[in-house]
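This is what each chain is made of:
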Amino acid sequence: MYIYLRKLFAMLATVFLVSMITFITFEIIPGDPVLARLGVDADEAQIRALSEELGLDEPLSKRFFGWITGLFTGDLGQSIRYSRPVSELIFDRLPVTLSLALISMVLIVIIGVPLGILSARYGDRLPGISISIVSQIGMAVPSFWTGIILMYIFGLTLRWVSPGGYTPWSVDPVEAFKSLLLPAVAIALPSIATVIRYTRNTVMEQMKNDYVRLAFSKGLKMNAVLFRHVLKNALIPVITVLGMITANILGGSIVIEQVFTLPGVGRLLINAISVRDLPLVQGMVLYISLVIVVTNFLIDIVYTLIDPRIKLR
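These remarks concern the structure in this document. (Residues numbered from 1 in each chain as written. Predicted model: local features only at pLDDT ≥ 70, side-chain atom pairs only at ≥ 80, totals over all residues. Heavy atoms only, no water.)

### Some remarks on the overall build of the chain
For clarity, the cut-off: By the criteria applied, helices consist of DSSP H or I runs no shorter than four residues and strands consist of E runs no shorter than two, each listed in order from the N terminus. We call two residues in contact whenever any of their non-hydrogen atoms come within 4.5 Å of each other. Per-residue and other accessible areas follow the Shrake-Rupley method at a 1.4 Å probe size, with only the shown protein chains counted as cover for residues. In this tally, Asp and Glu contribute negative charge and Lys and Arg positive charge; neither His nor the terminal groups of the chain are included. Think of each charge as sitting on NZ of Lys, CZ of Arg, CG of Asp or CD of Glu.
The helix and strand inventory of the chain stands at 14 helices and zero strands. Mapped in sequence order, the helices and strands of the chain form the string α-α-α-α-α-α-α-α-α-α-α-α-α-α. On the principal axes, the C-alpha backbone points of the chain span a range of 85 × 55 × 35 Å. The contacts of the chain with a sequence gap of at least 6 include a subset with a gap of at least 24, amounting to 72%. By element, 67% of the accessible surface of the chain is carried by carbon and sulfur atoms, the whole surface being about 17200 Å². Of note, the chain has its 26 positive side-chain charges centred 20 Å away from the centre of its 21 negative side-chain charges.

### Quick look at helix α5 (residues 86-122)
Quick note on the threshold: In this analysis, the expected span of each helix is defined as 1.5 Å times one less than the number of residues it contains. Note that bend, as reported per residue, equals the angle between axes fitted to the 7 residues terminating at that residue and the 7 residues originating from it.
Spanning 37 residues, α5 covers 52 Å between terminal C-alpha atoms, matching the ideal 54 Å at 1.5 Å per step. Approximately 35 degrees is the largest bend angle found in α5, and it occurs at Leu-94, with the proline Pro-95 only one to four residues beyond.

### Quick notes on helix α12 (residues 265-274)
So the rule is basically this: Think of it in three bands: with a 1.4 Å probe and only protein chains considered, a residue is buried below 20% of the maximum accessible area for its type, exposed above 50%, and partly exposed in between.
Here α12 has its buried residues at Val-265, Gly-266, Leu-268, Leu-269, Asn-271 and Ala-272. Against the buried residues of α12 lie α5, α10 (222-250), α11 (254-259) and α13 (278-306). Downstream of α12 by a residue or two, Arg-276 has a phi angle that is positive, lying close to 55 degrees.

### Structural notes on the environment of Phe-65
For Phe-65, the location among the structural elements is in helix α4 (residues 60-71). For Phe-65 and Met-20, which are 45 residues apart along the polypeptide, the C-alpha to C-alpha distance reads 9.9 Å.

### Some remarks on the packing of α5 against helix α6 (residues 126-140)
In plain terms, the rule: Every axis corresponds to a line fitted to the C-alpha atoms, with the helix fit spanning only the stretch in contact, and the corresponding angles, defined between N-to-C directions, vary from 0 to 180 degrees. Angle categories: roughly parallel below 35 degrees, roughly antiparallel above 145, roughly perpendicular from 65 to 115, and oblique for all the rest. In this scheme the crossing of two helices becomes right-handed for a clockwise turn of the near helix relative to the far one and left-handed for an anticlockwise turn of less than a right angle. Classification convention: Asp, Glu, Lys, Arg as charged; Ala, Val, Leu, Ile, Met, Phe, Trp, Tyr, Cys, Pro as nonpolar; all other residues, Gly among them, as polar.
Remark: α5 packs on α6, axes separated minimally by 7 Å, with the N-to-C direction vectors making an angle of 135 degrees. Classed by the angle they form, the pair α5 and α6 counts as oblique. Crossing geometry of α5 relative to α6 is assigned as left-handed. Counted together, Leu-115, Leu-118, Ser-119 and Tyr-122 of α5 and Pro-127, Gly-128, Ile-131 and Ser-132 of α6 form the full contact between these two elements. For the contact of α5 with α6, the per-class residue count stands at five nonpolar, three polar and no charged.

### Section: the nonpolar core
Basically, it comes down to this: In plain words, nonpolar cores are sets of buried Ala, Val, Leu, Ile, Met, Phe, Trp, Tyr and Cys residues tied together by side-chain atoms within 4.5 Å.
Grouped together as the largest cluster of nonpolar side chains are 67 residues, with contacts concentrated most on Ile-108, Val-195 and Met-284. Per-element accounting of this core gives the leading share, 14 residues, to α5. Setting aside its immediate chain neighbours within four residues, Met-284 contacts Ile-90, Val-265, Leu-268 and Leu-269.

### As for the environment of Ile-29
Relative to the assigned elements, Ile-29 resides in the loop between α1 (2-28) and α2 (33-38). With a relative accessible area of 34%, Ile-29 lands in the partly exposed category. For the pair formed by Ile-29 and Arg-276, sequence separation is 247 residues and the distance between their alpha carbons is 10.0 Å.

### Considering the packing of α12 against α13
At their nearest, the axes of α12 and α13 sit 9 Å apart, and the two run at 145 degrees to each other. For the crossing formed where α12 meets α13, the hand is left-handed. Counted together, Val-265, Leu-268, Leu-269, Ala-272 and Ile-273 of α12 and Leu-280, Val-281, Met-284, Tyr-287 and Ile-288 of α13 form the full contact between these two elements. Residue composition of the contact of α12 with α13, by class: 10 nonpolar, no polar and no charged.

### Some remarks on the packing of aromatic side chains
Here is the rule: The pairing test for Phe, Tyr and Trp rings, Trp by its six-membered ring, is centres within 6.5 Å, and the orientation test on the planes gives stacked under 30 degrees, edge-to-face over 60, and tilted for anything in between. Criterion for a charge above a ring: Arg CZ or Lys NZ at most 6 Å from the ring centre, at most 35 degrees from the ring normal.
Under the definition given, this model contains one aromatic pair. When the centroid spacing of 5.6 Å and the interplanar angle of 45 degrees are considered together, the rings of Phe-154 and Trp-160 count as tilted. The exposure class of Phe-154 is partly exposed, given its relative accessible area of 26%. Given the relative accessible area of 54%, Trp-160 is considered exposed. A cation over an aromatic ring shows up here: Arg-121 above the ring of Tyr-122, its NZ or CZ 6.0 Å from the ring centre.

### Observations concerning the side chain of Ser-289
Along the chain, Ser-289 turns up in helix α13. Judged by relative accessible area, which is 9%, Ser-289 ranks as buried. Residues in contact with Ser-289, not counting those within four places in the same chain, are Val-15 and Val-18.

### Focus on the pattern of salt bridges
Opposite charge on two side chains lets them pair, provided their charged atoms get close. As a reminder, the rule being used: A side-chain nitrogen of Lys or Arg and a carboxyl oxygen of Asp or Glu constitute a salt bridge if their distance falls within 4 Å.
Scanning the entire structure with this criterion turns up four salt bridges. Linking Glu-88 and Arg-84 is a salt bridge whose minimum nitrogen-to-oxygen distance equals 2.7 Å. Looking at Arg-84, the relative accessible area reads 28%, which means it is partly exposed. Two residues, Arg-84 and Asp-92, come together in a salt bridge whose shortest N-O distance is 2.4 Å. The network of salt bridges with shared partners includes Arg-84, Glu-88 and Asp-92.

Note that every value here comes from positions in space, so none of it alone points to a role or purpose.
Listed below in structure tokens is the structure:
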């Protein structure tokens, strides 16, 4: 319990430091959010009035302290561009990114892990070499290029799915799934290749250990050795990779959301940065930081469930 409390404190400290650094950085870099909203033709009176309305005329320390205090009540401030609460904007876009992440992770796990095990099982024989070559190609091809090709083939040519845009689940669940399928596949393909490589390498490394030879000497078949003994020990590096992929997708697949015009958090972040919307950027950084540290925390818990020796150490 003490270990988990210590990790929880480290999580909160990390999020606080990241938020502080982001807040200060956006004060240093050139650009004025007031002019970004009013335009360069605004007069001094308009600039002063909007600065007072947004609280930008107050000292940096006071504004940062006010923002930190607002976190405890769920108040992340007001967006300069959208004139709406930051928390409301993030929660409006979150279902799109969560749905995209869920579909992508299902594809990654059900395809990447079995193919990685299959590649390790056959090793240097033709099936294993073929899977390795395909995974290398998958890792080399960028997701945005894959997304464009998928959109052209299945969206514009065959017209099986929507080539862009998003249909909410509450309107039509079938159309919502179809609008997310291509971007999910575009995200999943490079990650599937990565998972295949990690799974193959870790399984093959475990196959060299003494306990595997002992299992074979007892008369166990290859499948029994792989799934009863080897896979459990090989899962930890794979789970680490899956956790990193999950955090990346939940943080917003910025390029894919732009390619498929999905109203997710990644696209929201790009819009906020382009107009120097400091409150919205700050809220987005807080969200991404939370996603990363919470994912890492959950991975640590999964480690102890898979291998109790980690908790003992």
